[in-house]
Amino acid sequence: MDSSILNTVDLSKTYRTNDLVVRAVSKVSLQVHPGEFIALVGPSGSGKTTMLAMLATLLESTEGHIYIDGKSFENMNQNQRAKFRRQKIGFTFQDNNLVPYLTAIENVELMLRLNHIYTPPQAKRAKDLLLRLGLDEQLHSLPSQLSKGQQQRVAIARSLIHDPRVVLADEPTASLDTQRAKQVVQIFADLIHEEKRAGIMVTHDLRMCKYVDKVIQMVDGSINRIIDDQSDIDVLAGTSEFDKLSTPAIR
Ligand SMILES: Nc1ncnc2c1ncn2[C@@H]1O[C@H](COP(=O)(O)OP(=O)(O)OP(=O)(O)O)[C@@H](O)[C@H]1O
Ligand SMILES: [Mg+2]
């Protein structure tokens, strides 16, 4: 039996705008198991964000299938799909979309309220998570009063609080300094491992691969390379050889 939380089969996306046809993702099949944290790397335009948006149920695929806990959302209507997303998936994207008039803690608690699971113990979890992410002083600050990096950390807490099976993050450390980025990814990895979620993080910073279990490199919409040996990952995270594969391509 397939024990994966997330399973894609020949997942593809073609964008068509006027005369332009872009095959952004092409026949990607991957599995993510409970407690597994994957880094998705590759040059700019290789389809990483498109991939994540499809997995987050936010973008229709053109071909192929996605199963989360063995369940497909292909035939769900909009309401069913929104509920499925709310319950099963947590995500942070490049622009973190925090609600501007809610404080840091309220932004995190919002996910609990939307899922009707707001209770005092859950509220305590929200606070503890923000503390673990180093936001002790910012619990009651509005997003506009936070730095980009602090906003990103709130978004990470929000992506985890409602106990999602799948956690997706698109460059969650882009606004953080190296030290803080390492700390945040380490905590993110710990939470995925401890809570047995399926995690995928898109990153351009190979140093962050140190904390993942598997590195998947995309090129031109397809999986080009999978690195799952921890010592190989450690070497790649510390060398510049792999940088060539990840740094944005000049087009
Ligand atoms: N809404 C869209 N309409 C048309 N083409 C798009 C759209 N979004 C992305 N693309 C194209 O699809 C391809 C993949 O884009 P995507 O954003 O998934 O890449 P990426 O790997 O996330 O890049 P980056 O590292 O720069 O964030 C690119 O060629 C891009 O121009
Ligand atoms: Mg992207």
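Refer to the structure above for everything that follows.
Being a predicted model, the structure only gives us computed values, none of them experimental.

**Observations concerning the overall build of the protein**
Piece 1. Helix and strand content of the protein: eight helices and nine strands.
Piece 2. Dimensions of the protein, computed from C-alpha atoms along their principal axes, come out at roughly 45 × 45 × 45 Å.
Piece 3. Looking at the protein alone, contacts between residues at least 24 apart form 70% of all its contacts between residues at least 6 apart.
Piece 4. Carbon and sulfur atoms make up 49% of the accessible area of the protein, which amounts to about 12,100 Å² in all.

**Some words on the site of ligand 1**
Piece 1. The immediate surroundings of ligand 1 are formed by Tyr15, Val22, Ala24, Pro43, Ser44, Gly45, Ser46, Gly47, Lys48, Thr49, Thr50 and His204.
Piece 2. The side chain of Ser44 places a nitrogen or oxygen atom 2.5 Å from an oxygen atom of ligand 1.
Piece 3. Burial of ligand 1 by the surrounding chains reaches 65%, relative to a free accessible area of 640 Å².
Piece 4. Elements supplying a minimum of two residues to the shell around ligand 1: β2 (20-32) and α1 (48-55).
Piece 5. It is α1 that provides the largest number of residues to the shell around ligand 1, a total of three residues.
Piece 6. Grouping the constituent residues of the shell around ligand 1 by class yields four nonpolar, seven polar and one charged.

**Focus on the sheet that holds β2**
Piece 1. Taken together, three strands build an open sheet; the order of strands is β2-β1-β4 and the sheet is antiparallel. Either end of the sheet is taken by a strand with one partner, and the two such strands are β2 and β4 (63-68). Between one strand axis and the next, the sheet turns through 25 degrees on average, direction left out of account.
Piece 2. As defined by bridge partners, strand β1 (residues 6-17) adjoins β4 across five bridges and the pair is classed as antiparallel. Bridge pairing links Ser12 to Glu63 in β4.
Piece 3. Against the sheet, α1 contacts β1, β2 and β4, and its axis sits at roughly 115 degrees relative to β1.

**With respect to the packing of aromatic side chains**
Piece 1. A complete count under the given rule lists three aromatic pairs for this structure.
Piece 2. A ring pair is formed by Phe37 and Phe188, whose centres lie 5.5 Å apart and whose planes are at 85 degrees; its orientation type is edge-to-face. Residue Phe37 is located in strand β3 (residues 36-41), and its partner Phe188 is located in helix α6 (residues 178-194); the two are separated by 151 residues in the primary sequence. With respect to class, Phe37 is no different from Phe188; both count as buried.
Piece 3. With 5.2 Å between their ring centres and 35 degrees between their planes, Phe91 and Phe93 make a pair best called tilted.
Piece 4. The ring of Tyr118 is capped by Arg113, whose NZ or CZ atom sits 3.9 Å from the centre of that ring.

**A word on the pairing of β2**
Piece 1. Across nine bridges, the pairing between β1 and β2 is antiparallel. Across the sheet, Thr14 pairs through a bridge with Arg23, a residue of β2.
Piece 2. A loop of two residues connects β1 with β2, the two strands running antiparallel in sequence, and Asn18 in this loop sits at a positive phi of about 50 degrees.

**A look at the packing of helix α3 (residues 104-114) against helix α5 (residues 148-160)**
Piece 1. Where α3 meets α5, the closest approach of the two axes is 8 Å, and the angle between their N-to-C directions is 25 degrees. In terms of orientation, α3 and α5 fall into the roughly parallel class. The two elements α3 and α5 cross, and the hand of that crossing is right-handed. Counted together, Ala104, Asn107, Val108 and Met111 of α3 and Val154, Ala157 and Arg158 of α5 form the full contact between these two elements.

**Describing the pattern of salt bridges**
Piece 1. In total, this model carries 11 salt bridges according to the counting rule given.
Piece 2. Salt-bridge contacts for Glu60 lead to Arg81; the nearest nitrogen and oxygen are separated by 3.3 Å. Here Glu60, found in the loop between α1 and β4, pairs with Arg81, found in helix α2 (residues 78-88); they are 21 residues apart in sequence, far enough to count as distant.
Piece 3. In this structure, a network of salt bridges that share partners links the residues Asp69, Lys88 and Arg165.

**Overview of helix α7 (residues 230-238)**
Piece 1. Among all positions of α7, only Ile233, Leu236 and Ala237 are buried. End-on view of α7: buried residues confined to an arc of 100 degrees, all on one side of the axis.
Piece 2. The inward-facing, buried residues of α7 contact β8 (214-219) and β9 (222-227).

**What about the nonpolar core?**
Piece 1. By size, the foremost hydrophobic cluster in this structure holds 44 residues, and its most contacted members are Phe37, Leu130, Val154, Phe188 and Cys209.
Piece 2. Of all the secondary-structure elements, those providing two or more residues to this core are β3, α3, α4 (120-132), α5, β6 (166-170), α6 and α7.
Piece 3. It is α6 that contributes the most residues to this core, eight residues altogether.
Piece 4. Counting residues in each nonpolar core, the second largest holds 28 residues, with Val25, Met51, Ile66 and Val202 among its members.

Calculation notes
Residues numbered from 1 in each chain as written. Chains lettered and ligands numbered in written order. Predicted model: local features only at pLDDT ≥ 70, side-chain atom pairs only at ≥ 80, totals over all residues. Heavy atoms only, no water. Helix = DSSP H or I, 4+ residues; strand = E, 2+ residues; numbered from the N terminus. Contact = heavy atoms within 4.5 Å. Areas by Shrake-Rupley, 256 points an atom, 1.4 Å probe, with all protein chains shown as cover. Near = heavy atom within 4 Å. Polar contact = N/O pair within 3.5 Å; in protein donor to acceptor, adjacent residues only side chain to side chain. Nonpolar A, V, L, I, M, F, W, Y, C, P; charged D, E, K, R; others polar. Pairing = 2+ DSSP bridges. Axes fitted to C-alpha atoms, helices over the stretch in contact; angles between N-to-C directions. Phe/Tyr/Trp six-rings, centres within 6.5 Å; stacked < 30°, edge-to-face > 60°. Buried < 20%, exposed > 50% of the residue type's maximum accessible area, 1.4 Å probe, protein only. Lys NZ or Arg CZ within 6 Å of the ring centre and 35° of its normal. Parallel < 35°, antiparallel > 145°, perpendicular 65-115°, else oblique. Left-handed = near helix turned anticlockwise from the far one by under 90°. Salt bridge = Lys/Arg side-chain N within 4 Å of Asp/Glu carboxyl O. Arc of directions from axis to C-beta. Core = buried A, V, L, I, M, F, W, Y, C linked by side-chain atoms within 4.5 Å.

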